[in-house]
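# Structure at a glance
Chain by chain, the residues:
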Amino acid sequence: MLFRKASSPFISAQASVHTIMYQVLYALIPGTLAAIYFFGWGVLINLAITAIICLFSEALVLKLRNRPIKVSLKDGSALITACLLALALPPLVPWWLTVIASIFAIVIAKQLYGGLGFNLFNPAMVGYIVVMISFPREMTYWTAPLGAVDHWLSFSDTFSVIFYGALPDQSSIDSITMATPMDTLKTQIGLENDITSTRHHKVYGTLFSNISGKGWQWINLLFLLGGLWMIKMKVIDWRIPVSFLLSLLLISNFFSVSDYATYPSALFHLFSGGTMLCAFFIATDPVSASTTPRGRWIYGAGIGVLVYTIRTWGGYPDGIAFAIILMNMAVPLLDYYTQPKTYGKADTE
Amino acid sequence: MQHLRQARRTMSSTTKLYLFHGGLRLDGHKQISNQSPIATCKPQNRYVIPVQQHIGAAGDIIVEKGQRVLKGQMLATTKILISAPIHSPVSGTVIEIGKHAVPHPSGMETDCIIIENDFQDEWIRRNPVAENYHQMNSHDLRNIVRNAGIVGLGGAVFPAAIKQTETNIRTLILNGVECEPYITCDDKLMQERAREIISGADIIGHIIKARECIVAIEDNKPEAIAAIQAAIDEDSTGFFHLQIIPTKYPSGSEKQLIKIITGKEVPINGLPADIDLLCHNVGTAYAIHQAVFKDEPLISRVVSITGNGVKQPQNMEVPIGTYIADCVTQCGGYNDNASCMIMGGPMMGYSIHSDHLPVVKATNCLLVTSNNEIHPANTEAHLPCIRCAKCVEVCPAKLLPQQLYWYASTNNFERASEYHLFDCIECGCCSYVCPSQIPLVQYYRSAKSKIWELEADLKKSNAARKRHEARQFRLEQQKREREERLRQKREMLNTKKGRPEENEINLKKAAIAEALARVKQKKETQAITPKNTDNLTAEQLRQIKEADQRRQAMKKKNHE
Ligand code: SF4
Ligand code: SF4
């Protein structure tokens, strides 16, 4: 008999941050595979760059801060940041841009705030915004989705575009990249074309592709499935995705019903750009999101409104990163003013 | 068989229940200890009875060393309201009165009475009121409960008679929930002594003039449900209702149970009586029955001795004061892999440092765990909080444990209190689910005790400051009065120059008044300044000065 000293509770669910983070990573796999399928090797190369740089810079900062390196690297949070960043960046951006975004995400947005659990802002989104503002031209290098152009880049072609900026023979950057459907829509509507005519643009395919553009809807659908699995496994809280998607749906439906020619349908908004990635993987980042039940409703809904606003009237094609960062700023306030009524309080007030 | 059928019938006809926020579904591990009937603990040579075994004041010891005592004889008592007397569990001799280690998280020692058993089992004269209690008034009945030393046996050990000071409470809730894993003492008690429990509840009902009694049991105890139902069926008054509730931790906690059954919440800083309710544990009801029908004080209780670290886990009726080691020996002793002894359940109990401690009234369970049976949070190396809010989802008090943790760990006590630190019931649900394995409850406990300390300090320094201010005020006033008198005197001198005799008298009067005032003031100042400061050696004067400086420094420190 040992008479070990310990403090209650003596049992635990044995959950771990490690498990949660890896479940998030598993849930990302289907959508990521789809992204690689539709947008080519660039996605994979980006992923490799972000993963290496994120892990490396995390280790470096931890070493400088004299913190245990192994535990933190193993928790998987840096890998998630890397994945989100790689999925958010256009597939053909030059390598140095990806490196800058990764370093910013990990060193500035995460470690300088105190590391996991202390960062106010979602690291991946900070990294994304930094390069978005600094290098707007490069950030439009979206590969044309599979089947939209004849030119399909091989792995070595993609590699040389990213690392040497060397385009394959007889092609210009314009012939291999293409604006995203959302971008296209914005430009076309800017040119006073209406949505119906824009629909014949080549980013929209025919079969199953007329919701939100080639590739995008499939990618979104798979992220949605991954997200639902995470909710089922209780990895993420359902409130944020539900309130975000609901608010985006309501507001986009309202405008599209009122003016069908100018405002795309709710379905388009839900399944294009990074909507589903945001709903289940970015907005639900626990560290930078609100923690109270009511706060989470407001947080998600706020992101929905901001995303729609920036997409429709803002200067950037997709507003997710900005919406997230803006709502991140509101979190301390939200948490403070949405404290639940504690037991016994309901009856005294 | 018939009982089981009845139980099933009642299960299907339960009334509406309410949910409390949060909570956990835990593995019960109840079968470890509930397979055999309640055993009786063999008489031992020695019993150690702590004088204080309840929340409240300790009693005065009324026996002497060397004195022979009888079984059931009172050993200590007091007139203070929140207190309970203690009694001898056997007949024998008081061989020692002094400090002895008792079960406590800090491993502290308290006053204990040690009795050597003479194995005569000679009872003190008993005089049970039995069925006559129906004719007795609340006050006298309550005295019986009080003199029997009965405390809440669910774990809180609050003197039971206090809880009954209110009368005309509508509903008595009898708590047979027992939601903590491993513990089965109430389960077995209900199975084997249902009639006595129901009778005890009837006595409580009589004391508080309740109109109904709801017996709440979790649905994982079908045998207990059947037994209680059978006992209720024998009662024709319709006073009792059985309420089966779903198994969920911590539904046995008083506040949560009240919410489940009534949908109401006990107001903050309030009592269940404020919403017309009173809660008692089934074990307490049984003890009250014994007191009224047999005039037996609380000198034994049922204890679950369980866990994979003990050879024959079981429930045992153990006299209060029996050494834990003796109980374990009777359960076949420890297994080789036994690693930790917990008093209470795995969620809210505490580990004890030795088995050379007595079983006390609060000991509902002795959980001896094997090496890999438990996994308490690792205090040294836990990950940071990732704000996942899993703790928020499970907190039955509807707190924000992650915010509490943030403020408790950074010693920001003001904020921690603002986030309702003191509404935390320390149920452990948050620690249980936390993926970062943060020992949250430990942080809350230490923050609470630090705040209590600070408050006590504050009270002390406040009192000192008030004394100081009062003295300053008094001195000022005296000074003002003196000046006023002098002024009057001068005025008199100026205006009444024409009449010498009168003038002289007045002058004299004023001089006398002034002298008196001086004497008075001197007396007062003497009361606060040390005497005998004349004729001291230089060395002594230096010492006094040093002491003064130290005191000043202390005061300053306290103020900071
Ligand atoms: S469960 Fe643990 S990690 Fe999650 S919010 Fe609560 S304290 Fe933080
Ligand atoms: S221990 Fe306190 S904070 Fe944690 S779940 Fe229980 S009541 Fe809530």
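This is a predicted model, so every value here is computed, not measured.

## Section: the overall build of chain A
From N to C terminus, chain A includes 17 helices and zero strands. Relative to all contacts within chain A whose residues are 6 or more apart in sequence, the contacts with residues 24 or more apart total 76%. As displayed, chain A offers around 15,100 Å² of accessible surface, 68% of which is attributable to carbon and sulfur atoms.

## Some remarks on the pairing of strand S9 (residues 171–176) of chain B
All names here are of chain B. Counting buried positions along S9 gives six out of six residues, so the element sits mostly inside the fold. Residue alternation in S9 divides its side chains into two sets, Thr171, Ile173 and Asn175 and Leu172, Leu174 and Gly176, and both sets are buried. Of the strand pairs in this sheet, S9 and strand S12 (residues 277–281) are connected by five bridges, and their pairing is parallel. The partner of Thr171 across the bridge, within S12, is Leu277.

## Re the domain arrangement of chain B
Residue and element names in this part refer to chain B. Once the domains are mapped, chain B shows domain 1 (2–368) and domain 2 (377–471). Computed over C-alpha atoms only, the centres of domain 1 and domain 2 are separated by 30 Å. Every contact between the two is made by 14 residues of domain 1 and, on the other side, 15 residues of domain 2. Between domain 1 and domain 2, the buried area comes to about 1,100 Å², and carbon and sulfur atoms account for 62% of it. The largest share of the area that domain 1 buries against domain 2 comes from His21, Leu24 and Met348, three residues that together contribute 41% of it. In this structure, the connection of domain 1 to domain 2 is made through one salt bridge. Here Glu265 and Lys398 are joined by a salt bridge, their closest N and O atoms 3.8 Å apart. Applying the counting criterion to the domain 1 and domain 2 interface returns four residue pairs in polar contact (both at pLDDT 80 or more).

## So, the environment of Glu491 of chain B
Structurally, Glu491 of chain B is set in helix H14 (residues 440–495). For Glu491 of chain B, a relative accessible area of 43% translates into the label partly exposed.

## Regarding the sheet that holds strand S11 (residues 240–245) of chain B
Residue and element names in this part refer to chain B. One open sheet accounts for four strands, arranged S11-S10-S9-S12; its pairing is parallel. Single-partner strands in this sheet number two, and they are S11 and S12. Averaged over neighbouring strand pairs, the angle between their axes works out to 25° when direction is ignored. Pairing analysis gives six bridges linking S9 to strand S10 (residues 212–218), with the strands arranged parallel. Its bridge partner lying in S10, Leu174 is registered against Val215. Packing against the sheet, helix H5 (residues 194–208) makes contact with S9, S10, S11 and S12, and its axis sits at approximately 150° to S9. Running at roughly 165° to S11, helix H6 (residues 222–234) makes contact with S10 and S11 of the sheet.

## What to know about the packing of aromatic side chains
Considering all chains together, one arrives at 24 aromatic pairs over all chains under this definition. Judged by centre distance (5.8 Å) and plane angle (75°), the rings of Tyr308 of chain A and Trp313 of chain A are edge-to-face. For Trp313 of chain A, a relative accessible area of 47% puts it in the partly exposed group. With a centroid separation of 5.9 Å and an interplanar angle of 70°, the aromatic rings of Tyr133 of chain B and Phe293 of chain B are classed as edge-to-face. Of this pair, Tyr133 of chain B sits in the loop between strand S8 (109–117) and helix H2 (138–147) while Phe293 of chain B sits in helix H8 (residues 282–294), placing them 160 residues apart in sequence. Residue class for Tyr133 of chain B comes out buried when judged on its relative accessible area of 3%. Among the aromatic residues, those joined into a cluster by ring pairs are Trp41, Trp95, Phe155, Phe159 and Phe163 of chain A. The positively charged end of Lys16 of chain B is found above the aromatic ring belonging to Tyr18 of chain B, 4.7 Å away from the centroid. Positioned over the ring face of Phe20 of chain B is Lys248 of chain B, at 4.7 Å from the centre of the ring.

## Some words on the sheet that holds strand S14 (residues 314–319) of chain B
All names here are of chain B. One open sheet accounts for six strands, arranged S1-S14-S13-S17-S15-S16; its pairing is mixed. Two strands in the sheet have a free side with no partner beyond their single neighbour: strand S1 (39–40) and strand S16 (350–351). Of the strand pairs in this sheet, strand S15 (residues 338–343) and strand S17 (residues 365–370) are connected by five bridges, and their pairing is antiparallel. Paired with Met343 across the two strands is Leu366, which belongs to S17. Each of strand S13 (300–306) and S14 is contacted by helix H4 (residues 185–192), which is oriented at about 125° to S13, the strand it contacts most.

## Some points on the nonpolar core
In terms of nonpolar packing, the biggest core is built from 86 residues, with Leu24, Ile150, Val215 and Ile228 of chain B touching the most fellow members. Examining the composition of this core, we find that eight residues originate from one element, H5 of chain B, more than from any other. Inspection of this core shows a minimum of three residues originating in each of domain 1 (2–368) and domain 2 (377–471) of chain B. Ignoring sequence-local partners within four residues, the contact set of Leu24 of chain B consists of Lys248, Tyr249, Met347, Val394, Cys429, Tyr432 and Val433 of chain B. One finds Val17, Val93, Ile219 and Leu334 of chain A within the second-largest nonpolar core, a separate group that totals 80 residues.

## Comments concerning the domain arrangement of chain A
Interfaces are frequently sized by the accessible area removed from exposure as the parts join. Residue and element names in this part refer to chain A. Domain assignment breaks chain A into domain 1 (16–177) and domain 2 (180–336). At the boundary of domain 1 with domain 2, total buried surface from both sides reaches about 2,700 Å², with 82% on carbon and sulfur atoms. If you look at where domain 1 meets domain 2, you find zero salt bridges. Taken together, domain 1 and domain 2 are joined by two residue pairs in polar contact (both at pLDDT 80 or more). Of all the elements in the fold, those that place two or more residues in the side of domain 1 that touches domain 2 are helix H1 (17–39), helix H4 (77–88) and helix H6 (123–134). Per-element accounting of the side of domain 1 that touches domain 2 gives the leading share, 13 residues, to H1. Of the residues assigned to the side of domain 1 that touches domain 2, the class counts are 27 nonpolar, seven polar and no charged.

## Comments concerning the side chain of Ser12 of chain A
You can see Ser12 of chain A is positioned in the segment before H1. For Ser12 of chain A, a relative accessible area of 11% gives the class buried. Sequence-distant contacts of Ser12 of chain A, defined by excluding residues within four places in its chain, comprise His375, Tyr432 and Gln437 of chain B.

## Regarding the site of ligand 2
Residue and element names in this part refer to chain B. What surrounds ligand 2 is a group of 13 residues, the closest being Cys395, Cys424, Cys427, Gly428 and Cys430. The set of elements that each furnish at least two residues to the shell around ligand 2 consists of helix H13 (429–433) and H14. By residue class, the composition of the shell around ligand 2 is eleven nonpolar, one polar and one charged.

## What about helix H14 (residues 275–282) of chain A?
By the criterion of burial, H14 of chain A is predominantly enclosed, with eight of the eight residues buried. By the burial criterion, the buried members of H14 of chain A are Thr275, Met276, Leu277, Cys278, Ala279, Phe280, Phe281 and Ile282 of chain A.

## What to know about the packing of H5 of chain B against H6 of chain B
Residues and elements named next belong to chain B. At a closest axis distance of 8 Å, the pairing of H5 and H6 adopts a crossing angle of 55°. One finds that H5 runs oblique with respect to H6. Taken as a pair, H5 and H6 cross one another with a handedness that is right-handed. Residues Ala194, Arg195 and Ile198 of H5 touch H6, and the partners they reach there are Ala227, Ile228, Ala231, Ile232 and Glu234. Here the contact of H5 with H6 is composed, by residue class, of six nonpolar, no polar and two charged.

## Quick notes on the interface of chain B and chain A
Taken together, the contact pairs 68 residues of chain B with 47 residues of chain A. With both sides pooled, the region where chain B packs onto chain A buries about 4,900 Å², and carbon together with sulfur makes up 58% of that total. Here chain B and chain A share two salt bridges between them. A salt bridge links Arg387 of chain B to Asp335 of chain A; the nearest nitrogen and oxygen atoms lie 3.4 Å apart.

Here is what the cut-offs are and how they apply
- Each chain carries its own residue numbering, running from 1 in the written order of its sequence.
- The naming scheme follows written order: chains are lettered A onward, ligands numbered 1 onward.
- Local features in this predicted model are restricted to residues of pLDDT 70 or higher, and side-chain atom pairs are both shown and tallied only at a pLDDT of 80 or more, whereas totals for entire chains, interfaces and linings draw on every residue.
- As a rule here, side-chain values come from all non-hydrogen atoms in the structure, and water together with hydrogens is ignored.
- Secondary structure elements are defined from DSSP: runs of H or I of at least 4 residues count as helices, runs of E of at least 2 residues count as strands, and each element is numbered from the N terminus.
- Contact between two residues is taken to exist if any of their heavy atoms lie within 4.5 Å; hydrogens are not considered.
- Shrake-Rupley sampling with a 1.4 Å probe provides the accessible areas, and residues are treated as covered by the protein chains on show and by no other component.
- A simple rule labels every residue: compare its accessible area, found with a 1.4 Å probe on the protein chains alone, to the largest value its type can have, and call it buried under 20%, exposed over 50%, or partly exposed in between.
- Strand pairing is defined by DSSP finding a minimum of two bridges between the two strands.
- Segment limits for the domains were obtained from an automatic or database-derived domain assignment.
- Throughout, buried area stands for the accessible area (probe radius 1.4 Å) lost by two parts on being put together, summed over both.
- Basic side-chain nitrogens of Lys or Arg form a salt bridge, by our definition, when they fall within 4 Å of a carboxyl oxygen of Asp or Glu.
- For this analysis, a polar contact is any N or O atom pair within 3.5 Å, provided that within protein one partner can donate a hydrogen and the other can accept it, and provided that sequence-adjacent residues contribute only side-chain to side-chain pairs.
- With axes taken as lines fitted to C-alpha atoms, and helix axes fitted only over the stretch in contact, angles between N-to-C directions fall between 0 and 180 degrees.
- A pair of aromatic rings is counted whenever rings of Phe, Tyr or Trp (Trp by its six-membered ring) have centres within 6.5 Å, and the orientation is called stacked for planes under 30 degrees apart, edge-to-face for over 60 and tilted otherwise.
- Our definition puts a charge over a ring when NZ of Lys or CZ of Arg is within 6 Å of the ring centre and also within 35 degrees of the ring normal.
- The criterion is simple. A nonpolar core is a set of buried Ala, Val, Leu, Ile, Met, Phe, Trp, Tyr and Cys residues joined through side-chain atoms within 4.5 Å.
- Charged means Asp, Glu, Lys or Arg here, nonpolar means Ala, Val, Leu, Ile, Met, Phe, Trp, Tyr, Cys or Pro, and polar covers whatever is left, Gly included.
- The nearness test applies per residue and asks whether one of its heavy atoms lies within 4 Å of the molecule or strand.
- Here roughly perpendicular refers to angles of 65 to 115 degrees, roughly parallel to angles under 35, roughly antiparallel to angles over 145, and oblique to all remaining angles.
- Crossing chirality is assigned from the near helix's rotation relative to the far helix, an anticlockwise turn below a right angle marking it left-handed and a clockwise turn marking it right-handed.

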